[in-house]
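# Structural overview
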Number of protein chains: 6
Amino acid sequence: MRPSGRQTNEMRDVSIETNVTIHAEGSCLIKMGNTHVLCTATVDEKVPPFMRNSGLGWVTAEYGMLPRATHTRMRREAKNGQSGRTQEIQRLIGRSLRAGVDRVALGERQIQIDCDVIQADGGTRCAAITGGWVALKLAVNKLMKAGMITSDPLIEPVAAISCGIYAGQEVLDLDYPEDSDAGVDGNFIMTGDKLIEVQMSAEGSTFSRSQMNGLLDLAEKGVSELRAVQLAAVS
Amino acid sequence: MRPSGRQTNEMRDVSIETNVTIHAEGSCLIKMGNTHVLCTATVDEKVPPFMRNSGLGWVTAEYGMLPRATHTRMRREAKNGQSGRTQEIQRLIGRSLRAGVDRVALGERQIQIDCDVIQADGGTRCAAITGGWVALKLAVNKLMKAGMITSDPLIEPVAAISCGIYAGQEVLDLDYPEDSDAGVDGNFIMTGDKLIEVQMSAEGSTFSRSQMNGLLDLAEKGVSELRAVQLAAVS
Amino acid sequence: MRPSGRQTNEMRDVSIETNVTIHAEGSCLIKMGNTHVLCTATVDEKVPPFMRNSGLGWVTAEYGMLPRATHTRMRREAKNGQSGRTQEIQRLIGRSLRAGVDRVALGERQIQIDCDVIQADGGTRCAAITGGWVALKLAVNKLMKAGMITSDPLIEPVAAISCGIYAGQEVLDLDYPEDSDAGVDGNFIMTGDKLIEVQMSAEGSTFSRSQMNGLLDLAEKGVSELRAVQLAAVS
Amino acid sequence: MRPSGRQTNEMRDVSIETNVTIHAEGSCLIKMGNTHVLCTATVDEKVPPFMRNSGLGWVTAEYGMLPRATHTRMRREAKNGQSGRTQEIQRLIGRSLRAGVDRVALGERQIQIDCDVIQADGGTRCAAITGGWVALKLAVNKLMKAGMITSDPLIEPVAAISCGIYAGQEVLDLDYPEDSDAGVDGNFIMTGDKLIEVQMSAEGSTFSRSQMNGLLDLAEKGVSELRAVQLAAVS
Amino acid sequence: MRPSGRQTNEMRDVSIETNVTIHAEGSCLIKMGNTHVLCTATVDEKVPPFMRNSGLGWVTAEYGMLPRATHTRMRREAKNGQSGRTQEIQRLIGRSLRAGVDRVALGERQIQIDCDVIQADGGTRCAAITGGWVALKLAVNKLMKAGMITSDPLIEPVAAISCGIYAGQEVLDLDYPEDSDAGVDGNFIMTGDKLIEVQMSAEGSTFSRSQMNGLLDLAEKGVSELRAVQLAAVS
Amino acid sequence: MRPSGRQTNEMRDVSIETNVTIHAEGSCLIKMGNTHVLCTATVDEKVPPFMRNSGLGWVTAEYGMLPRATHTRMRREAKNGQSGRTQEIQRLIGRSLRAGVDRVALGERQIQIDCDVIQADGGTRCAAITGGWVALKLAVNKLMKAGMITSDPLIEPVAAISCGIYAGQEVLDLDYPEDSDAGVDGNFIMTGDKLIEVQMSAEGSTFSRSQMNGLLDLAEKGVSELRAVQLAAVS
C-alpha cells in the first residue's frame, strides 16, 4: 500500500496553469499533487560568449526552492550559495530541455528557464522539466507569432517522471514520504517514445536489470500522460 | 494624472489570501495590485545564541525576489549572494515587525518570516511587511491554540505603505512606473496611529517639511485601510 | 540629564581638518566629539559602464571602520566581507551626496568618497556625510582651478545629524551611550533648509508625529551649525 | 572504427598500483589507458555530526583534477571554487561506494576517499570509483588487521565503466576523443551482477530502450573485467 | 643620488605618538616620513581553540590599507577579500612580534595587533612591525599595572627596516620611489642585535653575498635607531 | 644526530623524471626524498592584460597540495579557497623563476607553472622551484625547436634549498620531522652563484649573522648539487 493510497502505476493529479506572471515571455505553474513549481522563460537575444556567431540557439535553466517550500525550513541559498544538489538539478533541467530543441531553428538567441519550487512534496526536478518545457514552448510561440522564428524548434514535448522501488514494489511518481524511504529511485526524461536521460540510483541497496525494465515501463506510461497535459496547456 | 488612473490618495486593490502552503506555521499571499509577495512564518523553539536564557522572543525576516519577478530578468541571488538592497530590505522588515511584538509574551522562541516576491510592480518591501505581519499572527495564533503562549504578543497590526512625489503631486502607494520616476519617495511603517519607521529619500531633488507632512497624511490613510484588510485576513 | 552633560539641543564639538593626506584629490578628518572619520575624494575620469556617454557625472561612496574603532574589537571586514549595516550606510552616503550635486555641471567623471572611521562614538554615518561633502568640495575645487569644470556643481553643502528620544527627551546629536539606549533615533540629511533624506526608527517603541516634528526642529538647528563649519573648512 | 583502433567491446588497458603514498591508510594509482587517477583513503574515527551515536559508518568522497591534467589547462579550482560538474562527480563517487558498504559492520567511523586526476583522457569518474573502492578496501583491511573491525563491510567490489553510442555504434569505455563526439553516453556502476547507479544522457540526440540494453550488455562485460583487476590488486 | 636627497645610510624622520585612540588597550601612530600606520593592541582573555589550556599566550596581527592610502586608489579589501600580499604581510607581522614574546610570561591570553596604513610611501610592513611592538608593549604595561601579568614578557623591542640596492647603491629605508625601482630589496626584523627574520628578494636581478652583508650592516644601524625611538615612546 | 641519519651537510636523494604527462608542454616529477612534486609548464601565447604590447614575456606559478599529501589529511582548498600559506608560496615560486628569465628573449607570451605536491615531507616549496625550472626549460626548448624563440631566455638554472638550525646544529635540506622542530629555518633560491631570494625565519628564537652565514654556506653546496641534477634532466 502506498501512503497516498494510489495504485502502483498511478500518477498524482497534474495541472499546468499558463501565463501566471505578467513579465515573463512564457510561464506556468505546474502542480503534481502537492509539488508546485513556478516556471518562467526569458528570451535573451544574446547568447553566451562561447556561442557567438555560431547561428545556434541555447536553452539553459536555473532552479531554486523557497526556504519554506519544505516541511522544515531550509537555509536560503541566496545567503549560502547554491548547494551541490541545486547545481546538479539545474544542469539536468537545461540538458534535458536542450535535447528537445532544434538549435538551428531556434536561431542565435538564448532562452533562460527559471524553475522555482513554491511547495515541495517529492519529484521537484521532474515537475521542473515538464513545466519548464511548457514555459519554453509559450515563449517560442511568442517568437513565432512575432515572425522572429519561422520553423518550430520544439517538435515534441520533453517530460520527466520519477519511479522507484518502494516497500519492494515498483511504483510511479514518488511523493516525498515514498521518496525518502525508497531503496531505488530513478528519473526518466523522455521526448515522444525516446529516452533523453535516465538516472537510477540505489541507496543502501541494488537493483537488477529486470527491475530497471519494470521502472522504465512505468515511466513510459507516466510520460505519455504528462505529454497530454502539456499539449493541452500550450494549445 | 497617475499612469494607473488612480486618485492621488487611492491605494491599489489589496488582497491577502491566508494558509497558502501546507508546510509553514503561518502563511499568506499578499497582492497589492500587481505586486505579489508570498510570506511564510516558521516557528523555531531555539533563539540565536546571543539571546539564550533571556526569556525573550525574537522575530527576524529574510527577503528574496524570483529572478523573473521583474520586467527584465535579474540575476539569481543564490548564485551571486544577496545584494546590499536585499539586505537593507530584510533588516527593515525584521526591525518593523519586532517593533510590534511583546517579546516577553512571545517567550524564548524565534519566528522567522520569509518574504518572497513572486511578481513585482513597486512597493515590495511594504507589501512584505504588511503580509509578513499576517503570517506572523497566524503562527502566533497556532502557538496560542496549542497553549504554548498564553497572552497575545501581537496587540496591533504592523503595516507599511509607500508614498511619494510624482509629477509634482503627493501620491499614495507608488507602483513601479511611478516609483522609477518619483523625485521623492518614502516608506512609512505604522502600528495603530503610531509610527515605527519612516524612510524618506530624494533622488536628484529635495523636499520641504510641508511636503513631508503631506506624505504622512497619505500614509496614515493607507495604513488604516491596510489594517482593516489584515484584521479581516487573520480573523 | 544626558550622560555627557550636554543640553538637549547641544551638539558635540565639531572640527574639520582639511588636506590631511598627500595622495587624495580632496580629504578631511572630521571630529564630532570622539567620533573621528577620515574622508577622501578620488577623481576618476571614467564613469561606470551604465553611465558612459551620458554626459553626467557620478558620486559614490564607500564606508569602513577600523577593527578597533569601537569599544570592543569588531571583526575585520576585509576577512569577512561587508556587513549589511556597512552596505546600507555606504549606499546612504552616496545617495545623500549625489542629491547635492549638479551632475551636468560635474561632467562625465566619477568622484569616489571613502569614509573610514578611525574612532567611533555614535553618529559615524552622519559625520561621514558631513565630512564626505567637504572632501568632495575640495576635489571639485581642484578640478575647477584646473579648468576641467567651469560651473560649480556643488551649490549648497550637504550635512547630516542624528537626533533621538533618550530617556523620554528629544535630544540632538546622540553619542554612543545615548544611541545604544534610545528608543527612537533618526538621521536627517539636509542641504540648505531642504530635506534630502530622513530615516527614523523605533526599537521596541513607537513615536508620534509630534515627536517627529520635535526631532526635525533639532535637526534643522544642528545642520545649520554644521554648515557653518563646512563652509569655513573649504574656504 | 574507433579512434584508438579498439573493438567496440574492448576496454582500455587497466592497471592498479597499490600503496603509492606513505601517508594514506589506503591508496592506489589507477590507469585506464591515459586516464590516471590517484585515490587515497583516510580513516577518521569521528563521523559527521548528523550521524553521531548512530553506530553506523560513513564513506564520502572528494574529486579534483590537476589544472594541466587536460589537453588545455583548466583554471585551478582552489582559486575559483568547485564547479557544478566537480560537485556532481564527487557526490556520485560517494553514493556509489556507500552502496557497497555494510555500514553496521564498518562501525561508527568515517572513511574519506580522495580521487585526484593526474592525467585525463575520458572516463575519470568511472576510474575514480573503481580505484576509490581499492583504496577503501585497503584501508578497511588495515582496520581489520588492527582488530578495529571484525566483519568485512566490503563484500563485493564496486566498479564503474562508461559506454556510449559513437559514430552510430555502441562502444565500451569511451576515451576523450569518443566522449566529446558521442551522441549518447552513460556511466554504469555495479557491484557483482547488480546495478547501483545508471546515468545515461543524450546530447542533441535521443536513445531507444534497445540501445539502452545494448549499452548495459557492454557495461556488464566491462565491470566483470574491472572486478578481476580490483581483486588482484587488493589480494 | 636618492630621490629624497638622503644619504645612503640615512633613515627618514621617525615619530611614534602613543595612546591615539580612546578604546584600544595600547595604540600608536607611527610615521616614517610619509608612511603613517595606526597600530592598536586588543587584549583578549581567550586564546584560539588549539591553544586552550596550554598556559601559553598568543600574539597575532592583521594588516590593512585604507583605499586612498596610495597614490592611485586601491580597491577596498572589504569588498574583494584580502589579497595574497596582505595575508603575507600580516603573517609576517604576527610571526615577528611573537618572536620577541615570552609566551609563558604573557599567560594564556591573546593580544591582537591591528596595523592600518593611513598613508603609504614605502616600508609599510616594517613600520607596522615597529609600531605594532609599541602598541603591544603599552597593552602589556596595562596588564602588568593591573597585576594580571607579573613578569614582563617583552624584554627587548622588535623593530624592522627595509634596505635595498637602488641605482647600484646599497641604501637604508627605501621610500616608494626607490622601492618601485630597486633591483633588490629586503626586510630585516631584529630584536637587540639578533635577527628574527630576513627577507631578501631580487626583481629581474640577482645579488651576491657581499651585497647581502652590506644591506645587513645598514639594517643593523637602522634598527638600533628605531629601538631608541620605541623605548622613548613607551617610557 | 638527524632523524634520518644524514650528515648535517647531506641532502636527501634527488631525482627528476621528465615528460611525465602527455598534455603539458613541459613536465617533471621531482622527488627530494619523500617529498614528491609534479611540475607542469603551460605555454599561453597571450600575456595578462597589463603586459599587452610590451614585447616582454611572463612566467607565473600556482601551487597546490593533494589533501592526503600530508600525514593527516588537510581540507581541500577547492572547497575552502587558497590559504595564505599557499598564496605566499606560489608568489615565491613565480618571483623566483622570473628572476632567471630573460623576458625579452622569451617574447610576449606567458608560461604558467603548476606545482602540485603529491606527497609531502618538508621542503615542498623548494622542490617546486627546482622542478618548476625543469618544466619551464622543457617548454622553452620546445618553443626553440619550433623556431618560436630564437635565443634561449634561460641561461642558468634556478634552484632552491632549505637549511635550518635543528637541535642546535646548522643542517642542509630539512625534512618534515626536522622542519617542525627547527628554531630557525630558511629558504635560499639561487641561480649560478648568485642569490635571488633569501627567507630566514626564527620561531620562538633568534639567530646571529654568523649562523646566517653558516646556513648560506650549506645552501650554496646544496644548490650546486641540485643544478647538476637539473642539467642532467633537461639535456
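Keep in mind it's a predicted model, so treat the numbers as computed, not measured.

Analysis parameters
- Residues numbered from 1 in each chain as written.
- Chains lettered and ligands numbered in written order.
- Predicted model: local features only at pLDDT ≥ 70, side-chain atom pairs only at ≥ 80, totals over all residues.
- Heavy atoms only, no water.
- Contact = heavy atoms within 4.5 Å.
- Buried area = accessible area lost by both parts, 1.4 Å probe.
- Salt bridge = Lys/Arg side-chain N within 4 Å of Asp/Glu carboxyl O.
- Polar contact = N/O pair within 3.5 Å; in protein donor to acceptor, adjacent residues only side chain to side chain.
- Helix = DSSP H or I, 4+ residues; strand = E, 2+ residues; numbered from the N terminus.
- Buried < 20%, exposed > 50% of the residue type's maximum accessible area, 1.4 Å probe, protein only.
- Pairing = 2+ DSSP bridges.
- Least-squares fit on C-alpha atoms with pLDDT ≥ 70 in both.
- Nonpolar A, V, L, I, M, F, W, Y, C, P; charged D, E, K, R; others polar.

The next subject is the interface of chain C and chain B. Facing 29 residues of chain C, the contacting portion of chain B comprises 29 residues. Buried area between chain C and chain B, summed over both chains or domains, comes out near 2800 Å², and the portion from carbon and sulfur atoms is 45%. Where chain C packs against chain B, one counts 6 salt bridges. Linking chain C to chain B there are 18 residue pairs in polar contact (both at pLDDT 80 or more). Within the residue set of the side of chain C that touches chain B, elements represented by two or more residues are α2 (84-98), β9 (194-202) and α6 (209-234) of chain C. No other element matches the 9 residues that β9(C) contributes to the side of chain C that touches chain B.

Here the focus is the pairing of strand β8 (residues 184-191) of chain B. Residues and elements named next belong to chain B. When you tally the buried positions in β8, you get 7 out of 8 residues, the bulk of the element. When strand β6 (residues 158-166) meets β8, the two strands line up antiparallel, connected through 8 bridges. Directly across from Ser-162, in β8, lies its bridge partner Asn-187. Sheet analysis places β8 next to strand β9 (residues 194-202), joined by 8 bridges and oriented antiparallel. What sits directly across from Ile-189, in β9, is Glu-197. The hairpin turn running from β8 into β9, its antiparallel successor, is 2 residues long, and Gly-192 in that turn takes a positive phi close to 55°.

This part takes up the relation of the copies chain C and chain B. Of the two same-sequence chains, chain C is brought onto chain B (RMSD 0.0 Å, axial shift 0.0 Å) by a rotation of 180°. In the structure described here, the two chain copies are related by an operation that fits a two-fold rotation axis. Among all residues of chain C, the minimum C-alpha distance to the rotation axis is found for Gln199(C), at 2.3 Å. The share of interface residues of chain C whose copies in chain B are also at the interface is 100%, consistent with both copies meeting through the same surface.

Here we take up the environment of His23(C). Among the structural elements, His23(C) can be located in the loop between β1 (14-18) and β2 (26-32). By relative accessible area, which is 13% here, His23(C) ends up buried. Residues His23(C) and Ile89(C), 66 residues apart in the sequence, show an inter-C-alpha distance of 25 Å. Apart from residues no more than four positions distant in its own chain, His23(C) is found in contact with Arg68(E), Ala69(E), Thr70(E), His71(E), Gln119(E) and Ala120(E). Looking at His23(C), its side chain comes within polar contact range of the main-chain oxygen of Ala69(E), at 3.4 Å.

Counting from both sides, the interface comprises 29 residues of chain D and, opposite them, 29 residues of chain A. Surface buried jointly by chain D and chain A totals about 2700 Å² across both partners, of which 45% is contributed by carbon and sulfur atoms. Between Asp217(D) and Arg209(A) there is a salt bridge; the shortest N-O distance is 2.6 Å. Linking chain D to chain A there are 18 residue pairs in polar contact (both at pLDDT 80 or more). Where the side of chain D that touches chain A is concerned, the elements lending two or more residues are α2 (84-99), β9 (194-202) and α6 (209-234) of chain D. Considering every element that reaches the side of chain D that touches chain A, the biggest residue donor is β9(D), with 9 residues. Per-class residue counts for the side of chain D that touches chain A are 9 nonpolar, 10 polar and 10 charged. Bridge count between strand β9 (residues 194-202) of chain A and β9(D): 5 bridges; the pairing is antiparallel. For Gln199(A), the partnering residue across the bridge sits in β9(D) and is Gln199(D).

None of this, on its own, says anything about what the molecule does.
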